[in-house]
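# Descriptive analysis of the structure
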Amino acid sequence: MQLGLSVSDSDASPFTPLVVLELAHDTKAEAIAWLLNRIRDKQRNGGAELLVDQLLFPAQDGQKPNPNVFVVGSTLQRLLIGAEDVGLFKEFQDGTMRGFTYANRESFKDFEGDGEGFLSDAECQYIVKHELDTLRAKNEEYIPGYPKYKLYPGKSIVRRLQSKGVLVQYFPLHNKEDLKRLSFSWYKKIKLSFQPLDDIRSYFGEGLGLYFGFLEYFTFALIPMALIGIPYYLFDWEDYDKYVLFAVFNLVWSTVFLEVWKRCSATLAYSWGTLGRKKAFEEPRAGFHGPLGLNPVTGREEPIYPSSKRHLRIYLVSVPFVLLCLYLSFYVMMVYFDMEFWAISIYHENPNFATSVLLFVPSIIYAVVIEIMNLLYRYAAEFLTDWENHRLESSFQNHLVLKVLVFNFVNCFASLFYIAFVMQDMVLLRQSLATLLITSQILNQVMEAFLPYWLQRRRNKRVYKRMRRLMGDKELPLLEQIQLETEMNTYLGTFDDYLEQFLLFGYVSLFSCVYPLAAVLVVLNNITEVYSDAFKMCHVFKRPFSEPAANIGVWQLAFETMSIIAVVTNCALIALSPQVKAYFPESDAQLILTVVAIEHVLLAFKFILAFVIPDVPKHIQVKLSKLDFESLEALKKRRRALGRKSWKLRRPEIRGLSEL
């Protein structure tokens, strides 16, 4: 891989910069020298054996720039060895995906010569990040120059520096040539075609590749529902209850959609080498704290925190806080209904164009308030989850996702459930659903795409003019690029992107039978979402490190839970249909029992369908099983060879004993 840039290490050997590492402006000189020495030192001495060089920016507007900005790179051989260390899977000559080994490198497809171009940008930067993250303290008692910042033997140096604020940030550099090509094939040409998922994965990694794959799949899966929904909406909707058939179709669609996605996800993950990849041992989070103790798994000293204390914090503080927020959400919902009834009463008193427009104002205000409450709650949930002091990042993310999903579900859908099943007003339900959906989509596009783009564009112009004024006409591609990227916003992951799709899936699967245009609106939103997300990933945010992923993780469970709720909701909506009620004119109890029985049958059908459709396609299962078999056979041969060697070494001893 080539970034089109080149700097020199302290030993004057040129290298391609892959990662930018920024320390605090006032970092002590001994701490800098110690860290750089550990980065450059040989692996056998506990170093990362990487290349690093300092960048010096010119003074800007009388302000002294941060002198502690460094670029980190690596030799090609070190990257290939690192690919084996991280368990990277690459395509073998026979077409199967296998764990890469440096000794057998020439047996892998596309490995030519010295291996230039064999590893993608994202893979190279992920390897460098892994080597930095696994730099471990040896016999140092504290960070040099900071006696109060203790170091624990065997613990990550980089995580410790981050938690103490010595390391401000480190991020991968953009490759301007590759980014230009990706941008052109991805979003600069408006076309009806699939996204270049392999190129996205190669540049940003598997995690983002799977997100954009899911976004594309979700959009295409909505097209049949959108095509069916348009005539349902246009032709005499008010005259008869046709939404019963649409609800049944909705139930089948939501189940098949998720099961087929599992197969698509497995196919993508296998082709990218993450399906059979073993998960790396997870280190404690940078923010995890507690008294020093011994880890029973690794045998290393590290901070420990009793799970009983964490559970007390969760159940005595976090859970009551979430319940309080849910109560506030219900209170705001009732205020919204008061506004809605007020607008309806004014319209009935004086029906005209102005009062008809006024009917939509409460829903618009409520939609804006929902987005504001979701945003404020997100900050509170992050603070609480961090305060709970989870040891692992995966545990932190799972608890954060649970908090946010529960509140967002109630906050976004409680009013619709109330209108549907308490007020039983389908006209108001349709109006509220349309207003909430359209308003939330507009706000999301403004907050996620247009506002960050505008702010970043202003920042880029300011930095560009400043650099040109200071340096004249000199070519400064490296300094200028790094200066721009250090000031870019940090991409915080796919959490908010998946959350948005989760809520849209809820609007479609729960209530689209009473407003069939919901699927059409979500399709239009997702088409613009592809382009806006692509643009902000390429030009608004810092380039994120690759995150190996075999699936969409906890979000798969979240979508499946929503589809189960959709079964119950749609069955209840069917029961409220006058067309269905006509079959049970004398007994509401019989109607309820019938609907509950149908709901159980549909749930059973859903689980049977999930069982019948394999999560992994058959041909991929065969390839994975073949790889497992060959690995076991190779292990047996190795053990037999070691056994024969051990026997040969022991034979002289046995012969000597027999002579005695």
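Computed from a predicted structure; not experimentally measured. Numbering of residues starts from 1 in each chain and follows the order in which that chain's sequence is written. The model is predicted, so local features are restricted to residues of pLDDT at least 70 and side-chain atom pairs to those at 80 or more, both for listing and for counting; the totals for chains, interfaces and linings are taken over all residues. Hydrogens and water molecules were not included; the side-chain quantities draw on all heavy atoms of the structure.

### Focus on the overall build of the protein
In plain terms, the rule: For helices the rule is a DSSP run of H or I covering at least 4 residues; for strands it is a run of E covering at least 2, with both sets numbered from the N terminus onward. Accessibility here uses a 1.4 Å probe with only protein chains present; expressed as a share of the type maximum, an area under 20% marks a residue as buried, one over 50% as exposed, and anything in between as partly exposed. Here a residue-residue contact requires only that any non-hydrogen atoms of the pair lie within 4.5 Å. Only the protein chains shown count as covering a residue, and every accessible area follows the Shrake-Rupley method with a 1.4 Å probe.
Check the secondary structure of the protein and you find 20 helices and 12 strands. By the burial criterion, 49% of the 660 residues in the protein qualify as buried. Once local pairs closer than 6 in sequence are excluded, the contacts in the protein between residues at least 24 apart make up 73%. Of the roughly 33,100 Å² that the protein leaves accessible, carbon and sulfur atoms contribute 63%.

### Some details on the pattern of salt bridges
Two side chains bearing opposite charge may form a pair once their charged atoms approach each other closely. For the record, the criterion: Throughout this description, the term salt bridge denotes a Lys or Arg side-chain nitrogen within 4 Å of a carboxyl oxygen of Asp or Glu.
For the coordinates displayed, the defined rule picks out 19 salt bridges. The partner of arginine 378 in a salt bridge is aspartate 496, and the shortest N-O contact between them spans 2.2 Å. You can see arginine 378 sitting in helix α11 (residues 361-387) and its partner aspartate 496 sitting in helix α15 (residues 495-511), a full 118 residues away along the chain. Residues glutamate 388 and lysine 403 are paired through a salt bridge, measuring 2.9 Å at the closest nitrogen-oxygen approach.

### Comments concerning the packing of α15 against helix α16 (residues 517-539)
Rule in force here: Axis definition: a line fit to C-alpha positions, over the contact stretch in the case of helices; interaxial angles, taken between N-to-C directions, run 0 to 180 degrees. Note that the term roughly parallel is reserved for angles under 35 degrees, roughly antiparallel for angles over 145, roughly perpendicular for angles of 65 to 115, and oblique for everything else. Residues were grouped as follows: Ala, Val, Leu, Ile, Met, Phe, Trp, Tyr, Cys and Pro as nonpolar; Asp, Glu, Lys and Arg as charged; and all remaining residues, including Gly, as polar.
Axis separation between α15 and α16 bottoms out at 10 Å; the angle between their running directions is 170°. The orientation of α15 relative to α16 falls into the category roughly antiparallel. Here α15 contributes Asp497, Glu500, Gln501, Leu504 and Val508 to the contact with α16, which in turn contributes Ala518, Ala519, Val522, Asn525, Asn526, Glu529, Asp533 and Lys536. In terms of residue class, the contact of α15 with α16 is made up of 5 nonpolar, 3 polar and 5 charged.

### Observations regarding α11
For the record, the criterion: Multiply 1.5 Å by the residue count of a helix minus one, and that product is the helix's expected span.
The first and last C-alpha atoms of α11 sit 39 Å apart over 27 residues, in line with the 39 Å expected at 1.5 Å per residue. If you check which residues of α11 are buried, you get Pro362, Ser363, Tyr366, Ala367, Ile370, Met373, Asn374, Tyr377, Arg378, Ala381, Leu384 and Thr385.

### So, the nonpolar core
Our working definition: In this text, buried Ala, Val, Leu, Ile, Met, Phe, Trp, Tyr and Cys residues form a nonpolar core when linked through side-chain atoms within 4.5 Å.
Counting residues in each nonpolar core, the largest one holds 109 residues, and the members touching the most others are Trp186 and Trp555. The element best represented in this core is helix α12 (residues 393-423), accounting for 14 residues.

### A word on the packing of aromatic side chains
Short version of the rule: A pair of Phe, Tyr and Trp rings is counted when the ring centres sit within 6.5 Å of each other, with Trp represented by its six-membered ring. The angle between the planes then sorts it: under 30 degrees is stacked, over 60 is edge-to-face, the rest tilted. Only lysine NZ and arginine CZ atoms are considered, and such an atom sits over a ring when it is within 6 Å of the ring centre and within 35 degrees of the ring normal.
Following the criterion strictly, the structure yields 41 aromatic pairs and no others. Note on phenylalanine 214 and phenylalanine 218: the rings are 6.0 Å apart at their centroids and 25° apart in plane angle, and the pair reads as stacked. Of this pair, phenylalanine 214 and phenylalanine 218 are both found in helix α7 (residues 206-234), 4 residues apart, which corresponds to roughly one turn of the helix. The exposure classification of phenylalanine 214 matches that of phenylalanine 218, with both residues buried. Between phenylalanine 502 and phenylalanine 559, the aromatic rings sit 5.8 Å apart at their centres with planes inclined by 85°, giving edge-to-face as the arrangement. Taken together, the residues span a long stretch of sequence, with phenylalanine 502 in helix α15 and phenylalanine 559 in helix α17 (residues 554-576) at a distance of 57 residues. Taking the relative accessible area as the measure of exposure, phenylalanine 559 reaches 1% and is therefore buried. Over the face of the ring belonging to phenylalanine 171 we find lysine 542, whose NZ or CZ atom lies 5.6 Å from the ring centre. When the ring centre of tyrosine 203 is taken as origin, the NZ or CZ atom of arginine 543, which lies over that ring, is 3.7 Å away.

### Quick word on the packing of helix α3 (residues 121-133) against helix α6 (residues 197-204)
Packing of α3 against α6 brings their axes to within 5 Å, and their N-to-C directions diverge by 25°. Taken as axis vectors, α3 and α6 run roughly parallel relative to one another. Residues Asp121, Ala122 and Glu123 of α3 pack against Arg201, Ser202, Tyr203 and Phe204 of α6. A per-class count over the contact of α3 with α6 returns 3 nonpolar, 1 polar and 3 charged.

### Thoughts on the environment of asparagine 68
Tracing the backbone through its elements, the reader meets asparagine 68 in the loop between β4 (51-55) and β5 (69-73). Residue classification places asparagine 68 among the buried residues on the basis of a relative accessible area of 5%. Separated by 45 residues in sequence, asparagine 68 and leucine 23 have C-alpha atoms that sit 5.3 Å apart. When residues no more than four places from it in sequence are discounted, the contact partners of asparagine 68 are Leu21, Glu22, Leu23, Ala24, His25, Asp26, Thr27 and Ile32.

### A short note on a nonpolar patch on the surface
Filter applied, for reference: Patches were defined on residues exceeding 30% relative accessible area and lacking a salt bridge, with like-charge contacts within 9 Å and nonpolar side-chain contacts (Val, Leu, Ile, Met, Phe, Trp, Tyr) within 5 Å.
On the surface, Leu312, Tyr315, Leu316, Val317, Val319, Leu323, Phe383 and Trp387 cluster together into a nonpolar patch covering about 820 Å² of accessible area. Those elements that provide at least two residues to the nonpolar patch are α9 (307-349) and α11. Counting residues per element, the nonpolar patch draws most heavily on α9, at 6 residues. Within the secondary structure layout, leucine 316 lies in helix α9.

### A few points about the confidence of the model for the protein
Filter applied, for reference: By definition, pLDDT measures how confident the predictor is in each residue, and it falls between 0 and 100.
Looking at the protein, pLDDT values average 82 and 86% of them are 70 or higher. Overall, residues 470-475 carries pLDDT values under 50, and its contacts beyond four positions in sequence, including any with other chains, amount to 8 contacts.

### A closer look at the sheet that holds β4
Let me state the cut-off plainly: In this description, strands pair whenever DSSP reports at least two bridges between them.
Strand order in the open sheet made by the 4 strands is β4-β5-β3-β10, with antiparallel pairing throughout. Of all strands in the sheet, those bounded by a partner on one side alone are β4 and β10 (167-172). Shown here is a sheet whose adjacent strand axes are inclined to one another by a mean of 20°, direction ignored. The pairing of strand β3 (residues 19-23) with β5 spans 4 bridges and is classified as antiparallel. Each residue of the ladder has a partner; that of valine 19, found in β5, is valine 72. Those strands touched by helix α1 (residues 29-40) are β3, β4 and β5, and its axis lies near 160° from that of β3.

### Let's talk about unusual backbone geometry
Unusually for a residue other than glycine, glutamate 49 sits at a positive phi of about 55°. Residue classification places glutamate 49 among the partly exposed positions, given a relative accessible area of 28%. Of note in this structure, glutamine 424 is not a glycine but carries a positive phi near 55°. Among the structural elements, glutamine 424 can be located in the loop between α12 and α13 (426-471).

### Some remarks on the side chain of asparagine 570
Rules: Within 3.5 Å is the distance limit for a polar contact, defined as a pair of N or O atoms, with the added protein rule that one can donate a hydrogen and the other accept it, and that residues adjacent in sequence qualify only through two side-chain atoms.
Mapped onto the fold, asparagine 570 is located in helix α17. There is a polar contact of 2.7 Å between the side chain of asparagine 570 and the backbone oxygen of alanine 566. Contacts of asparagine 570, omitting those with residues within four sequence positions, involve Ala247, Asn250, Leu251, Ser509, Leu510 and Cys513.

### A word on the side chain of lysine 129
Positionally, lysine 129 belongs in helix α3. Once residues lying within four places of it in the same chain are set aside, the contact partners of lysine 129 are Tyr170 and Phe545.

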